[in-house]
Amino acid sequence: MLVAFSVSPTTTDAPDGSVSQAVAAAVRVVRESGLPNETTAMFTTLEGEWDECMDVVKRACEAVAAVSPRVALVLKADIRPGWEGQLSAKVERVEEHLR
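Notes on the structure in this doc start here. (Residues numbered from 1 in each chain as written. Predicted model: local features only at pLDDT ≥ 70, side-chain atom pairs only at ≥ 80, totals over all residues. Heavy atoms only, no water.)

## Quick look at the environment of Val27
Part 1 of the argument: Its location among the elements puts Val27 in helix α1 (residues 20-32).
Part 2 of the argument: In this structure, the C-alpha to C-alpha distance between Val27 and Phe5, residues 22 residues apart in sequence, is 11 Å. (Helix = DSSP H or I, 4+ residues; strand = E, 2+ residues; numbered from the N terminus.)

Given below as structure tokens:
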């Protein structure tokens, strides 16, 4: 399965409104999980089995909750049993059509 998610605090003390420090704590959880992952400007995507992906998402939310009393989570999943390596393979298939 692929899980694309965005987690951030709904409040911040940063004068410029930035939430990057809290988001970095969540991304650290993802990267330390050992699951294949990719972070872009809006989402972090990880690949794995249902339970392991949801565990990482939960722990990423907890990392953000450590600095904010309220957390926002947006999650999208591609559940396709039996398929692996789709974090890059899906993009490669699109790129083939663009050539």
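## Quick notes on a negative patch on the surface
Part 1 of the argument: Residues Glu49, Asp51, Glu52 and Glu84 make up a contiguous surface patch of negative charge.
Part 2 of the argument: Residue position: Asp51 is located in helix α2 (residues 50-65). (Patch = residues over 30% accessible without salt bridge, like charges linked within 9 Å, V, L, I, M, F, W, Y side chains within 5 Å. Areas by Shrake-Rupley, 256 points an atom, 1.4 Å probe, with all protein chains shown as cover. Salt bridge = Lys/Arg side-chain N within 4 Å of Asp/Glu carboxyl O. Lys, Arg positive; Asp, Glu negative; His and termini not counted. Charge placed at Lys NZ, Arg CZ, Asp CG, Glu CD.)

## Quick notes on the environment of Gly85
Part 1 of the argument: In this fold, Gly85 is placed in the loop between β4 (71-78) and α3 (86-98).
Part 2 of the argument: C-alpha of Gly85 to C-alpha of Pro36: the two residues are 49 residues apart in sequence and 8.5 Å apart in space.

## A look at the pattern of salt bridges
Part 1 of the argument: Tallying each qualifying case throughout the model produces 2 salt bridges.
Part 2 of the argument: Here Asp55 ties to Arg59 by a salt bridge, and the two come within 2.9 Å at their closest N and O atoms. With Asp55 and Arg59 both in helix α2 and 4 residues apart, the pair spans about one turn of that helix.
Part 3 of the argument: Note on Asp55: relative accessible area 36%, which makes it partly exposed. (Buried < 20%, exposed > 50% of the residue type's maximum accessible area, 1.4 Å probe, protein only.)

## Focus on the packing of aromatic side chains
Part 1 of the argument: This structure, assessed with the given rule, holds 0 aromatic pairs.
Part 2 of the argument: Above the ring of Trp83, the side-chain terminus of Arg80 is found at 3.7 Å from the ring centroid. (Phe/Tyr/Trp six-rings, centres within 6.5 Å; stacked < 30°, edge-to-face > 60°. Lys NZ or Arg CZ within 6 Å of the ring centre and 35° of its normal.)

## Concerning α1
Part 1 of the argument: Helix length check: α1 (13 residues) gives 18 Å between terminal C-alpha atoms against 18 Å at 1.5 Å per residue, within 8%.
Part 2 of the argument: By the burial criterion, the buried members of α1 are Ala22, Ala26, Val27, Val29 and Val30. For α1, the angular spread of the buried residues around the axis is 150°, confining them to a single face. Opposite the buried face of α1, by more than 90 degrees, sit the exposed residues Gln21, Arg31 and Glu32.
Part 3 of the argument: Against the buried residues of α1 lie β1 (2-9), β2 (37-39), β3 (44-47) and α2.
Part 4 of the argument: Taken from the residues just after α1, Gly34 is the one with a positive phi, measuring 85°. (Expected span 1.5 Å × (residues − 1). Arc of directions from axis to C-beta. Contact = heavy atoms within 4.5 Å.)

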